[in-house]
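Here's the letter readout for the chains.
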Amino acid sequence: MSIEVLRPGMLSTVQDLGRAGYAALGVGRSGALDTDALRLGNALLGNAATAAGLEITLHGPTLRFNTRGAFALCGADFIARLDGQTVSGWSAMAAEAGSVLELGHARSGCRAWLALAGGIDSPTVLGSRSTDLNAGLGPLPQALRRGDVLTLGAQASTPRAPSTRWSLDPRPWFALTEHAPLRLLPGRDYAHLDQSSVTALCNMEFRVAAASNRVGVRLNGATLRLTHALECVSEGCVPGVVQLPPSGQPIVLLGEHPVSGGYPRIAQVAAVDLPRLAQASPGSALRFVLIDLDTATRALLARQRARADLESRIHSRLAAT
């Protein structure tokens, strides 16, 4: 069972839940920038949560199913057609052998995750199938290229026909229409911002720079300054860290971030909002609001409980069909 890449799209990579446990060796986690979206796509197909799929950015690939299969596209609102017929996101869809899936541009948002029945069955590298573009790491250590053939694992069940599919309501999981500020926790060096920068951080709009990528989101806006220069020791990084380089234009780290860094850390994007940050396309506007750790923790736990409950209900429904 396999799919063939007819056109690779702008940036399409194999991703799973990430490569955990190797930061001490200098190896980052990588993985899908919205693990909830990938997990829900896998759930719709009866896959394990850890199954690898494709992360697509801004303009998707064209793929041919060499055998009968099924897929689910979760995340940004991409134009998608199967053999010329429009297909919906957040739905389990069957594909016959020879069918061609064309993923066009994102009508809103930046990234989507294509789950495939059986998952992408490439060998694991350090326990993961995820591609780390900067490190050149993974069984497929670069973005998709024309002619690549991806082997799929055994399917948990016979792919259901489109007439029997059912869809998720993506609104609780993917809030493109929400313009609420991204939630921030003060970072270690927040107290070293001068007063005008403290005001600007949560009262002014920032724009996503074109140079943003899976490593981090570069922001253009008010120049932020410290009250005095800091000599920072390089230390461990996590997704969501807001660094302040000498340019004064913040950088928010994403899933392919380096395992350590020495820029001042002025804030941390709350983990619950990292999927929203991953959907910020170049030129889009972002605003921030400060919250405390208890508020951030409660929001994340509520989302995790809701996602686990939804996965459970999906599995129950699949078992009953």
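To be clear, the structure that these remarks concern was listed above.
Right, let's walk through the structure included here. (Residues numbered from 1 in each chain as written. Predicted model: local features only at pLDDT ≥ 70, side-chain atom pairs only at ≥ 80, totals over all residues. Heavy atoms only, no water.)

## Focus: helix 2 (residues 195-203)
Side chains of residues three or four places apart in an α-helix project in the same direction, reflecting 3.6 residues per turn. Rules: The cut-offs for exposure are 20% and 50% of the maximum accessible area for each residue type, with area from a 1.4 Å probe on protein chains only; residues under the lower value are buried, those over the upper are exposed, and the others partly exposed. We count a stretch as a helix when DSSP gives it H or I for four or more residues in a row; a strand needs E for two or more, and each element gets its number in order from the N terminus. It is the directions from the helix axis to the C-beta atoms that the arc portrays. Whether two residues are in contact is decided by their heavy atoms: any pair within 4.5 Å suffices.
Where helix 2 is concerned, the buried positions are Ser 197, Ala 200 and Leu 201. Angular distribution of buried residues about the axis of helix 2 spans 105 degrees; they occupy a single face of the element. With respect to the buried face of helix 2, the exposed residues turned more than 90 degrees away are Gln 195 and Asn 203. On its buried side, helix 2 packs onto strand 10 (182-186), strand 11 (206-208) and strand 19 (288-290).

## Section: the environment of Leu 150
When you line up the elements, Leu 150 lands in strand 9 (residues 149-151). Exposure remark for Leu 150: the relative accessible area of 6% places this residue in the buried category. C-alpha of Leu 150 to C-alpha of Pro 139: the two residues are 11 residues apart in sequence and 11 Å apart in space.

## Remarks on the sheet that holds strand 12 (residues 216-220)
Under the convention used in this document: A pair of strands counts as paired when DSSP detects no fewer than two bridges linking them. To obtain an axis, a line is fitted to C-alpha atoms, over the contacting stretch when the element is a helix, and the angle between two such axes runs from 0 to 180 degrees between their N-to-C directions.
Reading across the sheet, the 8 strands line up as 18-11-12-15-14-17-10-19 and stay open at both edges, with mixed pairing between neighbours. Two strands lie at the open edges of the sheet, namely strand 18 (285-286) and strand 19, each paired on one side alone. The pairing of strand 14 (residues 241-243) with strand 15 (residues 251-253) spans 2 bridges and is antiparallel. Within strand 15, the residue paired with Gln 243 across the bridge is Ile 251. Most of the contacts of helix 2 go to strand 19, to which it runs at about 115 degrees, and overall it touches strand 10, strand 11 and strand 19.

## Side note on the environment of Asn 42
Along the chain, Asn 42 turns up in helix 1 (residues 35-45). A residue is classified by how much of its surface remains accessible, and Asn 42, at 0% relative accessible area, is buried. Between the alpha carbons of Asn 42 and Leu 182 there is a distance of 27 Å; along the sequence they are 140 residues apart. Not counting residues up to four positions away in its chain, the partners in contact with Asn 42 are Asn 47, Ala 48, Ala 49, Ala 51 and Ala 115.

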